[in-house]
Amino acid sequence: MAPWWGQEARGGVSGGVTGTPVVVKMQTPDWAISEVPPPGSPAAGGKDGRGKNARQITWVLLLKAHRAAGKLTGAATAALSVAAAARRRVAAGRTDSDADNAPPGLGGSPALRTRLYGFIRASLLLSVLLLAADVAAHAQGWHLAALPDLEAVEGLFAAGYAAWMRARAAYLGPALQFLTNACVVLFMIQSADRLILCLGCFWIKLRGIRPDVEAGAQEEGDFPMVLVQIPMCNEKEVYQQSIGAVCNLDWPRSNFLVQVLDDSDDAATSALIREEVEKWQREGVRVLYRHRVIRDGYKAGNLKSAMNCSYVKDYEFVVIFDADFQPQEDFLKLTVPHFKGKEDVGLVQARWSFVNKDENLLTRLQNINLCFHFEVEQQVNGAFLNFFGFNGTAGVWRIKALEDSGGWMERTTVEDMDIAVRAHLKGWKFLYLNDVECQCELPESYEAYRKQQHRWHSGPMQLFRLCFVDIIKSKIGFWKKFNLIFLFFLLRKLILPFYSFTLFCVILPMTMFAPEAELPAWVVCYIPATMSLLNILPAPKSFPFIVPYLLFENTMSVTKFNAMISGLFQLGSAYEWVVTKKSGRSSEGDLVALVENEKQSKQLRVGSAPNLDSLAAKEELYPKAEPKPKKKKHNRLYRKELALSFLLLTAAARSLLSVQGIHFYFLLFQGVSFLVVGLDLIGEQVE
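Residues numbered from 1 in each chain as written. Predicted model: local features only at pLDDT ≥ 70, side-chain atom pairs only at ≥ 80, totals over all residues. Heavy atoms only, no water.

## So, the overall build of the protein
Step number 1: Counting its regular elements, the protein contains 21 helices and 9 strands.
Step number 2: Out of the 687 residues in the protein, the part that is buried amounts to 47%.
Step number 3: When contacts within the protein are restricted to residue pairs at least 6 apart in sequence, those whose partners lie at least 24 apart make up 80%.
Step number 4: As presented, the protein carries roughly 33,800 Å² of accessible surface, and 61% of it is formed by carbon and sulfur atoms. (Helix = DSSP H or I, 4+ residues; strand = E, 2+ residues; numbered from the N terminus. Buried < 20%, exposed > 50% of the residue type's maximum accessible area, 1.4 Å probe, protein only. Contact = heavy atoms within 4.5 Å. Areas by Shrake-Rupley, 256 points an atom, 1.4 Å probe, with all protein chains shown as cover.)

As structure tokens, this is what we get:
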């Protein structure tokens, strides 16, 4: 029997009544509908073709339902895969307390490593007990009774709950409210600072303010001597692309020298880097390989050792690129001319861009943070104060400024910020070029990002302790001292991680169990949302991630707070340096260049391949060290984040008893955010 739609199309169902045939096209991933008028029928929009056939509407509804079902199926599949990954994490049992994964600042004494975790765990246990007591009291209706009436109720539980309410009203509530008000004041000061920075950035855009170059700064034959340094350590994933990019800089080869500063303790990696350097030497590039056996001072010690070479006196400027940075060919021509005619300029800093910013959710959120840092913080401070923190790479220093400031020092893990502060105290000015970019990589795993953030937030506190007296005694003006001490160090490096962790991860859950202290809804929701919106403006394509960004920043506050305390009070391994893991991704510019010039790309690929015969011949000169066992990459469980997730979820359940809607949703989503991060589901997933 012919199908019903075929019969209707031929008019053979009911008295020759003809319908409008419908052609359904199955396309991937969507569906499409086309109407095909039968021969001799009126044109669409005529009197006979105004209405839609009921069967057509049914088809449309069915197709929409199919789309919705497909989306639900995709969401369910994703949820199942996340649940399976979480189950594997728990079954494997690998945590951040493992010996091969101890984060910096928490190494050494096990007591120091577990102090904060123990506090969070005790708070979690107490919150569960209080939640159970409050639920039982609500079941009895005691939350509506006055304290004298409750004291009249007989029973041990009633007496204990009455004592708890008295303690809340007399002691805990006032103390918690005082701490809440103090943190809210700090929060508002920091928010005002963020708003002023954004207004400054808007003014720069409106007025077109940018560092100017003196006329004729890049005249024919005017190419000062430039020293380019590439410090690296066991970074075999990226050494080829960084050395290749630097050696291809558009600058007279007689006027620049490349130093590859290898601190690798892996003999095979050192041999590969040495071979790459020799390959470029054969191409006529002036490039030298330097290797330190003893890594005293880490990166600062490496740079200090290189600057002690006798030939450095022949150079006027020094450029630093970390191992994963790939400058464009015209980098020197865009930066070095800014020094001409400005003898008081000591540093020209370029902006970072990221080749893997869309790799996963973690890299997207990092991109938001760093875009704000460069677009707003660095640009505003450079334009109005001529001072900002050196980013450690993609910057050009006047060698005279480095020497005048005391050179590189190994006293902290933020040697870049250290030299910038000392140069500022000596009166040197800094320029920031927002339109000159240098591509690099973002950490793709939460483990690598967590270690990087620990170093970035413990180092400034070490430096603040060491240079506070020098700032007070320096000859710079009062407002520059105020900017350095209050804004640069205290507000942005100490107060920000302090109130973020204390206010949203400690005080807010406590106010749910002690309703006598109140945290206004505008502090919990509206102001943080506004600040997150301001943060995301420099990266408008990341707007869909505004809510995950807000939650993730609060989640990272536990790591940043821990690092800040570690650096301020010299707890644990505050001076430990851990190299951020790289993946070795090529930049978009490199890929375009390879496509445009196939011949050059073939030469590059052939030339970049290590000469195995040469390596074998050099084994006698460079004895191969004992091979170290290769560490396998694993996703891990992070105990502090997991404990905080359960604490916040418990507080969210308690907030339902007080009918606090905004507080409940914030605690719920923040608890889920801590859970996702604690299960290591946000970054690179290792099978």
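## Side note on the pattern of salt bridges
Step number 1: Per the stated rule, a full pass over the model turns up 23 salt bridges.
Step number 2: Ionic pairing is found between Arg 492 and Asp 193, a salt bridge with its closest N-O pair at 2.9 Å. Of this pair, Arg 492 sits in helix H14 (residues 478-513) while Asp 193 is found in helix H5 (residues 156-207), placing the two residues 299 residues apart along the sequence. Just as Arg 492 is buried, Asp 193 falls in that class too.
Step number 3: Bridged by salt links that share partners, the residues Lys 205, Arg 351 and Glu 375 form one connected network. (Salt bridge = Lys/Arg side-chain N within 4 Å of Asp/Glu carboxyl O.)

## Some details on the environment of Leu 571
Step number 1: Looking at the element boundaries, Leu 571 is found in the loop between helix H16 (546-569) and helix H17 (588-596).
Step number 2: Of the residues examined, Leu 571 reaches a relative accessible area of 29% and is grouped as partly exposed.
Step number 3: Between the C-alpha atoms of Leu 571 and Ser 458, which are 113 residues apart in sequence, the distance is 9.9 Å.

## Quick look at the sheet that holds strand E5 (residues 287-291)
Step number 1: If you walk across this open sheet you meet the 7 strands as E5-E4-E3-E6-E8-E7-E9, and the pairing is mixed. Among the strands making up the open sheet, the edge pair consists of E5 and strand E9 (429-440). With direction set aside, neighbouring strand axes in the sheet form an average angle of 20°.
Step number 2: Where strand E4 (residues 256-262) lies against E5, 5 bridges are found, and the strand directions are parallel. (Pairing = 2+ DSSP bridges. Axes fitted to C-alpha atoms, helices over the stretch in contact; angles between N-to-C directions.)

## Concerning the confidence of the model for the protein
Interpreting fine coordinate detail is not advised for predicted regions of low pLDDT.
Step number 1: Per-residue pLDDT for the protein has a mean of 82; in total, 78% of the residues score no lower than 70.
Step number 2: Note that pLDDT drops below 50 for residues 26-35; the model gives that stretch 23 contacts with residues more than four away or on any other chain.
Step number 3: The model gives residues 99-110 a pLDDT under 50, and that stretch makes 30 contacts with residues more than four places away or in other chains. (pLDDT = per-residue confidence, 0-100.)

## Section: the UniProt feature "transmembrane region" (unreviewed entry) in the protein
Step number 1: If you check UniProt for "transmembrane region" (unreviewed entry), the listed places come out as residues 484-513 and 637-656 in our numbering.
Step number 2: When the span residues 484-513 is considered, its composition is 100% helix and 0% strand, and the gap between its end C-alpha atoms is 40 Å.
Step number 3: Structurally, residues 637-656 comprises 90% helix and 0% strand, and the distance from its first C-alpha atom to its last is 29 Å. (UniProt positions renumbered as here; feature names shortened; annotations may be inferred.)

## Some words on the nonpolar core
Step number 1: Counting residues in hydrophobic clusters, the biggest one holds 84 residues, and the most contacted among them are Ile 243, Val 260, Trp 397, Val 421 and Phe 489.
Step number 2: When near neighbours in sequence (up to four residues on either side) are disregarded, Phe 489 contacts Met 417, Val 421, Pro 460, Met 461, Leu 463, Phe 464, Cys 467, Ile 471, Leu 484 and Leu 494.
Step number 3: In this structure, Leu 131, Val 184, Val 558 and Phe 664 belong to the second largest nonpolar core, which totals 43 residues. (Core = buried A, V, L, I, M, F, W, Y, C linked by side-chain atoms within 4.5 Å.)

## Some remarks on the pairing of strand E3 (residues 226-232)
Step number 1: When you tally the buried positions in E3, you get 7 out of 7 residues, the bulk of the element.
Step number 2: By the alternation rule, side chains of E3 split into Val 226, Val 228, Ile 230 and Met 232 and Leu 227, Gln 229 and Pro 231, which are all buried.
Step number 3: Direction of pairing for E3 relative to E4: parallel, over a ladder of 7 bridges. Considered in E4, the bridge of Leu 227 is made with Leu 257.
Step number 4: As for the winding sense of the linkage, the β-α-β connection from E3 through helix H6 (residues 239-247) to E4 is right-handed.
Step number 5: Judged from the 4 bridges that link them, E3 and strand E6 (residues 317-320) form a sheet pairing that is parallel. (Right-handed = clockwise from strand over helix to strand, strands pointing away.)

## What to know about the packing of aromatic side chains
Step number 1: Using the criterion set out here, one finds 27 aromatic pairs in the structure.
Step number 2: Ring centres 4.9 Å apart and planes at 90° place the aromatic pair Phe 223 and Trp 251 in the edge-to-face group. Taken as a pair, Phe 223 in the loop between H5 and E3 and Trp 251 in the loop between H6 and E4 lie far apart in primary sequence, 28 residues in all. The pair Phe 223 / Trp 251 is uniform in exposure class, with both members buried.
Step number 3: It is Lys 493 that lies over the ring of Phe 488; its NZ or CZ is 4.4 Å from the centre. (Phe/Tyr/Trp six-rings, centres within 6.5 Å; stacked < 30°, edge-to-face > 60°. Lys NZ or Arg CZ within 6 Å of the ring centre and 35° of its normal.)

## Focus: unusual backbone geometry
Step number 1: Despite not being glycine, Tyr 298 shows a phi value in the positive range, around 55°.
Step number 2: With respect to the helices and strands, the residue Tyr 298 is situated in helix H8 (residues 298-307).
Step number 3: Among the residues examined, Tyr 298 registers a relative accessible area of 29% and is labelled partly exposed.
Step number 4: One non-glycine residue, Asp 680, lies in positive phi territory at about 60°.
Step number 5: Assignment of secondary structure puts Asp 680 in the segment after helix H21 (661-678).
Step number 6: Residue classification places Asp 680 among the buried positions, given a relative accessible area of 3%.

## Quick word on H14
Each turn of an α-helix holds 3.6 residues, which means side chains three or four residues apart point in the same direction.
Step number 1: Taking 1.5 Å per residue, 36 residues should reach 52 Å; H14 reaches only 45 Å between its end C-alpha atoms and comes up short.
Step number 2: Along its length, H14 reaches its greatest deviation from straightness, about 50°, at Leu 490.
Step number 3: Of all 36 residues in H14, 27 are buried; the element is thus mostly enclosed. (Expected span 1.5 Å × (residues − 1). Bend = angle between axes of the 7 residues up to and from the residue.)

## A word on the packing of helix H12 (residues 415-425) against H14
Step number 1: With their axes 11 Å apart at the nearest point, H12 and H14 run at an angle of 160° to one another. Taken as axis vectors, H12 and H14 run roughly antiparallel relative to one another. The chirality of how H12 crosses H14 is right-handed. In this structure, H12 uses Met 417, Val 421, His 424 and Leu 425 to contact H14, whose residues at the interface are Lys 480, Leu 484, Phe 488, Phe 489 and Lys 493.
Step number 2: Its residues assigned to classes, the contact of H12 with H14 shows 6 nonpolar, 1 polar and 2 charged. (Parallel < 35°, antiparallel > 145°, perpendicular 65-115°, else oblique. Left-handed = near helix turned anticlockwise from the far one by under 90°. Nonpolar A, V, L, I, M, F, W, Y, C, P; charged D, E, K, R; others polar.)

## Comments concerning a nonpolar patch on the surface
Step number 1: A grouping of Phe 202, Trp 203, Leu 206, Ile 209, Phe 384 and Leu 385 is seen on the molecular surface, where their side chains present a nonpolar patch of about 610 Å² in accessible area.
Step number 2: With 3 residues, H5 is the single largest residue contributor to the nonpolar patch.
Step number 3: Secondary-structure assignment places Ile 209 in the loop between H5 and E3. (Patch = residues over 30% accessible without salt bridge, like charges linked within 9 Å, V, L, I, M, F, W, Y side chains within 5 Å.)

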